[in-house]
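As a plain string of letters, each chain reads:
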Number of protein chains: 2
Amino acid sequence: MIWVNGVFSDTLPITDRGLLYGDGVWETLAILDGRPLRLNWHLERLQQGLQALAIPSPDMTQWLTEILKACRGRDSAVLKLIVTRGQGMRGYNPRDCCNPTRIVQVTPRNTYPASYVQQGIRLALCETRLAQQPRLAGFKHLNRLEQVLARAEFDSDFQEGLVRDTAGNVIEGTMSNVFLIQADSSVVTPALSQCGVAGVMRRVVLQALHEWGIPCRIGSLSLDDMHSSQAIFMTNSLIGIWPVREFMGKTYPVVPLISALHAKVNVNT
Amino acid sequence: MIWVNGVFSDTLPITDRGLLYGDGVWETLAILDGRPLRLNWHLERLQQGLQALAIPSPDMTQWLTEILKACRGRDSAVLKLIVTRGQGMRGYNPRDCCNPTRIVQVTPRNTYPASYVQQGIRLALCETRLAQQPRLAGFKHLNRLEQVLARAEFDSDFQEGLVRDTAGNVIEGTMSNVFLIQADSSVVTPALSQCGVAGVMRRVVLQALHEWGIPCRIGSLSLDDMHSSQAIFMTNSLIGIWPVREFMGKTYPVVPLISALHAKVNVNT
């Protein structure tokens, strides 16, 4: 079910700049028991993206009402939110585009084998690199060709792929963020100032680690850091926490911290 | 007037990956006397883009028929062609998306003051940089947020903006390619291996220079090269050739070579 500007519709005008230029932002999040999980944090990131692109914000009170109505009665589903700059004249110039398009979509949840959480996943290494573009880093815009190219590189033998930037820094998964538990048991996750999406589940994990007093830093990471780490896990608002059991021929354990984080952020109950 | 997969329609399903990820390519070209100008070269670049993204090509015979039909009877108009990967399941994985969406749009031509061609334009310098991403360089895909950000930087005092890459190389205009006529009267235009769109009008100009025996090279260019050049011009399939009369406080002349190129590639008769 899809609503466009509050009205049932499964189509968009072709002149919408969301299609023409990827001129918009989006979020996907879990719906549980009729409620969108961590909606506030998702809307916060969405607003950051709108600000970065200077897209006028939709009327949030009105939109919130529409979002909550769309989620009502859904036990377990996926909520997708898109805001585009709306329709415009021909050309890149975003001026005079004052009516953003807001889209709310509710779809069934994908189910994954329990083993992904319990034993972990196989993580591929993608050859596609993320370009360094600070103006578009951190938020979730509609320009996602790099992710499409990276995702096309691996088949169902792998559940996720690791992507580096053009300078060789480890950045994230194609649809998730990455955390390393280092030999000294401290945790580290890549800085996302040049590229990458700062996931809401990444924020949840960072907060949990902070609450628990576990040393954690955000910094530059290399493949060597991956290899020398004690354990690896991936985060995403829909999957929660996936431990990595294999990466580049090396196996990694599901350490207790990963299980504790999984219990803390559980998105499946 | 818009046709989607050969049928009159001005909307697209929201689940089309063109909207969700900018997963597609496009072209804009001039229609004159019922015929799309340099359609072959535009379709060649479009096909290169489809190949780079591993999007299946639409049936070109069928599509060509649709395109020519859409242009018939149009004295002067703009043709926009879009091919997206079509609809897919949720997620970046492009596999099993075998039905590309083909869009044909015909719109009225923008008219520009004759002075842009005769006296030249004012060229702004954009602060927004293009990220270096060889996988997406040269062709015209739907991920165009960098162009939107760059175009937003200048107002109607300027007719175009010059964009550099993150390493400081001069690359192109927001909607055009750039050529410098150097002090020794040779011509140079930026290499587009890391970013930028290799315009069809750029190709037309390169061919004309070659035919005329005028030395021309494709290479790295800096702002210093701009400043030390004898003359500058911008190229685009719809505008043809625009000389630059002012850039960063310096004025440039409309030299005879620019007028000759304009006469050669004329898109307005």
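Residues numbered from 1 in each chain as written. Chains lettered and ligands numbered in written order. Predicted model: local features only at pLDDT ≥ 70, side-chain atom pairs only at ≥ 80, totals over all residues. Heavy atoms only, no water.

**Focus on the interface of chain A and chain B**
- Between chain A and chain B, the contact holds 60 residues from the first and 61 residues from the second.
- In total, chain A and chain B occlude about 4700 Å² of area from one another, counting both sides; carbon and sulfur atoms represent 62% of this.
- It is Arg90, Tyr92 and Leu145 of chain A in chain A that bury the most area against chain B; as a group they hold 18% of the surface buried on that side.
- Scanning the region where chain A abuts chain B turns up zero salt bridges.
- For the pair chain A and chain B, the number of links is 22 residue pairs in polar contact (both at pLDDT 80 or more).
- For the side of chain A that touches chain B, the secondary-structure elements that each account for two or more residues are strand S1 (2-4), strand S3 (11-13), helix H1 (17-21), strand S6 (76-84), strand S7 (101-108) and helix H5 (145-151) of chain A.
- Examining the composition of the side of chain A that touches chain B, we find that six residues originate from one element, H5 of chain A, more than from any other. (Contact = heavy atoms within 4.5 Å. Buried area = accessible area lost by both parts, 1.4 Å probe. Salt bridge = Lys/Arg side-chain N within 4 Å of Asp/Glu carboxyl O. Polar contact = N/O pair within 3.5 Å; in protein donor to acceptor, adjacent residues only side chain to side chain. Helix = DSSP H or I, 4+ residues; strand = E, 2+ residues; numbered from the N terminus.)

**Re the sheet that holds strand S4 (residues 24-32) of chain B**
Residues and elements named next belong to chain B.
- Judged by pairing direction, the sheet is antiparallel, and its six strands sit side by side in the order S2-S1-S7-S6-S4-S5 without closing on themselves. Each edge of the sheet is formed by a strand with only one pairing partner; in this case those strands are strand S2 (7-8) and strand S5 (35-36).
- Contacting S4, S5 and strand S6 (76-84), helix H2 (residues 39-52) runs over the sheet at an angle of about 175° to S4.
- Relative to strand S7 (residues 101-108), helix H3 (residues 60-71) is tilted by about 15°, and along the sheet it contacts strand S1 (2-4), S4, S5, S6 and S7. (Pairing = 2+ DSSP bridges. Axes fitted to C-alpha atoms, helices over the stretch in contact; angles between N-to-C directions.)

**Considering the state of the cysteines**
All names here are of chain A.
- Taken as a whole, this structure holds zero disulfides over all chains when the rule is applied.
- Summary of cysteine pairing: Cys126 is not part of a disulfide, and the nearest cysteine sulfur, belonging to Cys195, is at 13 Å.
- A residue is classified by how much of its surface remains accessible, and Cys126, at 0% relative accessible area, is buried. (Disulfide = S-S within 2.5 Å. Buried < 20%, exposed > 50% of the residue type's maximum accessible area, 1.4 Å probe, protein only.)

**A closer look at the domain arrangement of chain A**
All names here are of chain A.
- For chain A, the assigned domains read domain 1 (2-108) and domain 2 (115-265).
- The C-alpha-based centres of domain 1 and domain 2 are spaced at 26 Å.
- Taken together, the contact pairs 21 residues of domain 1 with 19 residues of domain 2.
- For the domain 1 and domain 2 pair, buried surface summed over both sides reaches about 1700 Å², with 63% attributable to carbon and sulfur atoms.
- On the domain 1 side of the contact with domain 2, Trp26, Trp41 and Arg45 bury the most area, a combined 42% of that side's loss.
- Taken together, the links from domain 1 to domain 2 amount to one salt bridge.
- For Arg203, the salt bridge is made with Glu44, and the minimal N-O distance between the two is 2.8 Å.
- Taken together, the residues of the side of domain 1 that touches domain 2 break down into 10 nonpolar, seven polar and four charged. (Domains from an automatic or database assignment. Nonpolar A, V, L, I, M, F, W, Y, C, P; charged D, E, K, R; others polar.)

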